[in-house]
Amino acid sequence: MQARGPARDIPEPVVNDALVEVLFCCPLVRGLSREEVGEIAAASTVHTFPAQAEVFDEGERCNGLWVLTSGRIRLYHAAADGRQQVVRFQAPSNPLDLGAALDGRPHTASATTLEPSTLVFLPRSVLSTLGRKYPLTLRNVVDLLCLEVRQRDIATAIASLKDAKGRIGCVLLQLAHQFGVRQKKSVIIDYRLTRQDIADRAGVTIETSIRVISDLQRQGVIRTQNQILEILDIDSLSAASRCEECQFDCSVFQEFPPAAQ
DNA sequence: TCATTAACCGTCG
DNA sequence: CGACGGTTAATGA
């Protein structure tokens, strides 16, 4: 039995090869062997959540590190009036709220599943031995936190300096960096998002996100099909978002940090 | 539930 | 004044 892990779901003690494989892709354990990752997996627990389930809440005590292994998760701040600010949309293999897991202070944001998801939970006790046992992971932690700082820095700059159209354009380009799958002539954002999701990421109302996205569709810049967004004309979108006069390096939103040299 | 449209209205440059 | 974007309401899928 672990310390006080999640109480809302059913832990599964089974650690299978597929799980180790996903964990192996987690940038936190980059450089470790498959056997070493298997060892870490053995010390963690697996948890499944239905769609729209809360994994943790902002301000809640943090007992360890959650790593998404399958499904999708939305990390956000919630305001009393119902509005939400999405910090990040999560894809498998990535740790959630790493900072809180490391310093043991409360969670910095809330995490809710967008679809049925599986996560592994690494208790803080295990996390602290990880650095001692595998010094390589310390460097990975630094890289991950630095990347997060860069992403948040750019996000706040964009939020305060750009207008609604620019913010939505930047969000779409960020998502393309994070989840983009290159097609012959376009880029598909391989992550289902409602108009509300995009609005909550850009800091606008749903009507404004619809307004702007409809305009972009009419101009043939993007196309959407049941919550999947396809960017048909990156150059036009970059132009609409005024990328050429922008100092921000939105390539930091790529899913995995570049390997440290 | 999600997406869309339109009318209306306050703010600000 | 006019662009922008939030609010409200109505409607369709």
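Remember, it's a predicted structure, so these values are computed and weren't measured experimentally.

## Points about helix α8 (residues 206–218)
Between its first and last C-alpha, α8 extends 18 Å over 13 residues, near the 18 Å set by a 1.5 Å rise per residue. Considered for burial, the residues of α8 that qualify are Thr208, Ser209, Val212, Ile213 and Leu216. The buried residues of α8 all sit within an arc of 125° when viewed along its axis, so they share a single face. In α8, the exposed positions angled more than 90 degrees off the buried face are occupied by Arg211 and Arg218. Gly220 sits one or two residues past α8 and shows a positive phi near 75°.

## Describing the packing of aromatic side chains
Within the structure shown, the criterion is met by 4 aromatic pairs. An angle of 55° between the planes, with centres 4.7 Å apart, marks the rings of Trp66 and Phe121 as tilted. Placement of Trp66 in strand β4 (residues 64–70) and of Phe121 in strand β9 (residues 117–123) is noted, with a sequence separation of 55 residues between them. Centroid distance Phe89 to Tyr191: 5.8 Å. Interplanar angle 55°. Geometry classified as tilted.

## Examining the protein's contact with DNA strand B
Around DNA strand B, a shell composed of Thr194, Arg195, Glu207, Ile210, Arg211, Ser214 and Gln227 is seen. In this structure, a phosphate oxygen belonging to DNA strand B sits 3.4 Å away from a side-chain N or O atom of Ser214. Contact between DNA strand B and Gln227: a sugar or linking oxygen at 3.4 Å from a side-chain N or O atom of the residue. When residues in the surface near DNA strand B are grouped by element, the largest group, 4 residues, is from α8.

## Focus on the protein's contact with DNA strand C
In the vicinity of DNA strand C, the contacting residues are Asp163, Ala164, Val204, Thr205, Glu207, Thr208 and Arg211. Within 4 Å of the protein, the atoms of DNA strand C are drawn from sugar and phosphate moieties in a proportion of 46%. The separation between a base oxygen of DNA strand C and a polar side-chain atom of Arg211 is 2.7 Å. Of all the elements, α8 adds the most residues to the surface near DNA strand C, at 3 residues. The residue makeup of the surface near DNA strand C, split by class, is 2 nonpolar, 2 polar and 3 charged.

## Overview of the sheet that holds strand β11 (residues 187–189)
As summarised here, the arrangement of the 4 strands in space is β10-β11-β13-β12, forming an open sheet in which the pairing is antiparallel. Across the chains shown, the open sheet's two edge strands, defined by having one partner strand only, are β10 (180–182) and β12 (222–225). The average undirected angle you get between the axes of adjacent strands in this sheet is 25°. Inspection of the sheet shows β11 paired to strand β13 (residues 228–231) by 3 bridges, in the antiparallel sense. Paired with Ile188 across the strands is Glu230, a residue of β13.

## What to know about the sheet that holds strand β8 (residues 110–113)
With respect to topology, 4 strands assemble into an open sheet ordered β3-β8-β5-β6, the strand pairing being antiparallel. Unpaired on one side and paired on the other, β3 (54–56) and β6 (84–90) mark the two borders of the sheet. Each neighbouring strand pair of the sheet contributes to a mean axis angle of 30°, computed without reference to strand direction. The sheet contact formed by strand β5 (residues 73–78) and β6 spans 6 bridges and is antiparallel. Bridge pairing in β6 places Leu75 opposite Arg88.

The rules behind the values
Residues numbered from 1 in each chain as written. Chains lettered and ligands numbered in written order. Predicted model: local features only at pLDDT ≥ 70, side-chain atom pairs only at ≥ 80, totals over all residues. Heavy atoms only, no water. Helix = DSSP H or I, 4+ residues; strand = E, 2+ residues; numbered from the N terminus. Expected span 1.5 Å × (residues − 1). Buried < 20%, exposed > 50% of the residue type's maximum accessible area, 1.4 Å probe, protein only. Arc of directions from axis to C-beta. Phe/Tyr/Trp six-rings, centres within 6.5 Å; stacked < 30°, edge-to-face > 60°. Near = heavy atom within 4 Å. Polar contact = N/O pair within 3.5 Å; in protein donor to acceptor, adjacent residues only side chain to side chain. Nonpolar A, V, L, I, M, F, W, Y, C, P; charged D, E, K, R; others polar. Pairing = 2+ DSSP bridges. Axes fitted to C-alpha atoms, helices over the stretch in contact; angles between N-to-C directions.

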